[in-house]
Amino acid sequence: MLRKWITTFVCAIPSFAFAQNIDNLIFNKNYQEALSAINQNIEVKPGAELYFKQGLVYRQLSRPTEAEQSYQNSVALDSTNAKFLAEYADLQTELGNPFKAIPLYQKASLYAPEDYNLRYKLGRAYMSSDNYDKAYEVFMMIHYKDSTNIIYNKQLALTAMRLGKMNQALELFESVLESNTNDLSLYQNLIQLYAIFKDPVHVVRTSDRALYFIPENSAIMLRAANSLHALKEYSESIPFYESYLAKNDSTFDVMKNYGLSLYFDQENVKSREMLEKCFVIEHDDPILNFYLGLVCRKLSDIDKSIEYLNLAISGIKKSMTEMYHCLGQDYGLQRKFEKSVEALKEAYECNPDKMEYLVEIASTFEEFSANRKPALEYYNRYLAEAGDSAANTKFAQDRITKINAYNSKKKK
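As the structure is a computational prediction, the values presented were derived from the model and not from experiment.

Parameters and conventions
Residues numbered from 1 in each chain as written. Predicted model: local features only at pLDDT ≥ 70, side-chain atom pairs only at ≥ 80, totals over all residues. Heavy atoms only, no water. Helix = DSSP H or I, 4+ residues; strand = E, 2+ residues; numbered from the N terminus. Rg over C-alpha atoms; globule rule 2.2 N^0.38 Å. Buried < 20%, exposed > 50% of the residue type's maximum accessible area, 1.4 Å probe, protein only. Contact = heavy atoms within 4.5 Å. Axes fitted to C-alpha atoms, helices over the stretch in contact; angles between N-to-C directions. Parallel < 35°, antiparallel > 145°, perpendicular 65-115°, else oblique. Left-handed = near helix turned anticlockwise from the far one by under 90°. Nonpolar A, V, L, I, M, F, W, Y, C, P; charged D, E, K, R; others polar. Phe/Tyr/Trp six-rings, centres within 6.5 Å; stacked < 30°, edge-to-face > 60°. Core = buried A, V, L, I, M, F, W, Y, C linked by side-chain atoms within 4.5 Å. Expected span 1.5 Å × (residues − 1). pLDDT = per-residue confidence, 0-100. Arc of directions from axis to C-beta.

J.: Would you mind going over the overall build of the protein chain with me for this structure?
T.: Helix and strand counts for the protein chain stand at 22 helices and zero strands. Here the C-alpha radius of gyration of the protein chain, 35 Å, is well above what a compact globule of 412 residues would show, namely 22 Å. In terms of principal-axis extent, the alpha carbons of the protein chain reach across some 115 × 70 × 40 Å. Out of the 412 residues belonging to the protein chain, those deemed buried represent 42%.

J.: What is the right way to look at the side chain of serine 237 in this model?
T.: With respect to the element layout, serine 237 can be found in helix H14 (residues 234–247). The contact partners of serine 237, leaving out residues within four places of it in the chain, are Ala225, Leu228, His229 and Ser261.

J.: Would you mind going over the packing of helix H13 (residues 218–230) against H14 with me for this structure?
T.: Any two packed helices are characterised by the angle at which their axes cross and by the distance between the axes. In the contact formed by H13 and H14, the axes pass within 8 Å of each other and the chain directions differ by 150°. Taken together, the axis directions place H13 and H14 in an arrangement best described as roughly antiparallel. The way H13 lies across H14 gives a crossing that is left-handed. On H14, the residues that touch Ser218, Met221, Leu222, Ala224, Ala225, Asn226, Leu228 and His229 of H13 are Tyr234, Glu236, Ser237, Phe240, Tyr241, Ser243, Tyr244 and Lys247. For the contact of H13 with H14, the residue count by class is nine nonpolar, five polar and two charged.

J.: I'm lost on the packing of aromatic side chains in this one. Help?
T.: One pair of aromatic rings is described through two measures. These are the centre distance and the angle between the planes. One pass over the structure, following the stated rule, counts 17 aromatic pairs. For the pair tyrosine 263 and tyrosine 291, a centre-to-centre distance of 5.3 Å together with 65° between the ring planes defines the contact as edge-to-face. Of this pair, tyrosine 263 sits in helix H15 (residues 252–264) while tyrosine 291 is found in helix H17 (residues 286–298), placing the two residues 28 residues apart along the sequence. For the pair tyrosine 263 and tyrosine 291, a shared accessibility class is recorded, and that class is buried.

J.: Got a minute to help me understand unusual backbone geometry in this structure?
T.: Most peptide bonds adopt trans geometry, and most residues besides glycine take a negative phi value. Not every positive phi belongs to a glycine, and serine 62 is a case in point at roughly 55°. Within the secondary structure layout, serine 62 lies in the loop between helix H3 (48–60) and helix H4 (64–77).

J.: In this structure, what is going on with the nonpolar core? I would like to understand it.
T.: Within soluble globular proteins, side chains that are nonpolar generally end up buried alongside one another. By size, the foremost hydrophobic cluster in this structure holds 95 residues, and its most contacted members are Tyr105, Leu118, Phe139, Ile142, Phe173, Val203 and Tyr258. Beyond its immediate stretch of four places on either side in the chain, tyrosine 105 contacts Ala86, Ala89, Asp90, Thr93, Leu118, Lys121, Leu122 and Ala125. Formed by 20 residues, the second largest nonpolar core is a distinct cluster that contains Val341, Phe365, Ala386 and Ile400.

J.: Help me understand helix H16 (residues 268–281), please; the structure alone is not making it clear to me.
T.: Given 3.6 residues to a turn, an α-helix orients residues that are three or four positions apart in the same direction. Along its 14 residues, H16 runs 20 Å from first to last C-alpha, staying within 8% of the 20 Å computed at 1.5 Å per residue. Burial in H16 covers these residues: Asn268, Ser271, Arg272, Met274, Leu275 and Cys278. Packed against the buried residues of H16 are H15, H17 and helix H18 (302–333).

J.: What exactly am I supposed to notice about the confidence of the model for the protein chain here?
T.: Detailed reading of the predicted coordinates is not advisable wherever pLDDT is low. Scored by pLDDT, the protein chain comes out at a mean of 88, with 94% of its residues at no less than 70. A low-confidence stretch, residues 1–14 stays under pLDDT 50, and its non-local contacts, those more than four residues away or across chains, total zero contacts.

J.: Quick question: what am I supposed to make of the environment of glutamate 307 here?
T.: The topology assignment puts glutamate 307 in helix H18. A sequence separation of 54 residues divides glutamate 307 from isoleucine 361, and the C-alpha atoms of the two residues are 33 Å apart.

J.: Sorry, what's going on with helix H2 (residues 31–44) here?
T.: Taking 1.5 Å as the rise per residue, H2 with 14 residues should run 20 Å; its terminal C-alpha atoms sit 20 Å apart, in good agreement. Turning to H2, its buried residues are Tyr31, Ala34, Leu35, Ala37, Ile38 and Ile42. Mapping the buried residues of H2 onto a view down its axis gives an arc of 165°, with all of them on the same face. Residues of H2 that are exposed and angled more than 90 degrees away from the buried face: Gln32, Glu43 and Val44.

And the structure:
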């Protein structure tokens, strides 16, 4: 018996030494040598651990397809090893396949029930698959077991926020912030939550606290400014907009909101200056033009006020035109032709320059009405208003010819 044990031990020494050599090669990032050694050993005696290490090396070499096959082999040989299952699941997550990762994490958690990090990864996979209810269940389970871990609590807060559990999310984010004051995303989420709760005082406090720990952070400045602007706290939003614009390239939306905040704060000269800079970028924005008209009137520049207000009205009409046009097309797709015609008429009335709408109205009449007279009237109106060079002139002329021929034949 002793001789047999000694023989087994002696035979095991080369295998142990070989495994150590592979581990050293991987540790020292000699991946090609490690892969060669692993492959040689697999040819002699395949094993779950060898396939697992092969997968690790393939991942380091950015060869995910080969890594996936290696992990499949390791799990096939040892389906109860939580380490193998978790690594295989991690790869699926990395490849953007949370649906395949979920059952692997579930199984890994079954064999390693005290490993909360596995459950955390399972919850993240549920989040990636938009299954927020299941993710919430997992993170709540972790929270009951470990209520002090800031990583787990932050993820639970994010999930709660997705599910509309705003009070819980707020409480959790604030608790995490006490231990991790340099996490930018915590401040951003808290600002958003306080804005949802219409609490401008805490929006400002949270923003100021963020800028104390993360000075001159543009993301915080902008989120604070926009949140306060949305809450109609215009005076409070202005310093944040000014800080942001002093350090970042100007964008239309930021400049516009800043200009509007100045307007509501009675800073009329500065408001006009900023809104006119916006006008250079985008002169068809009805809201922008409307407030430019108002601020010019406050500054007694009535001519400019009229000009901007006319542009605003024109822009609104253009928007309404397209809305009615789309509505008319949708009614047509539903075979609700009378409603379609009414919507198309509204579109044309909003913008008579869109003469092609007359052709759409005429063809819609043709489709649902046995009486071709309205269609004929709109085709003729189109030709009279659009002229011979219009896009649908030939089509309208052909339809008029066919309708007249049909009417003549009907009279006989």
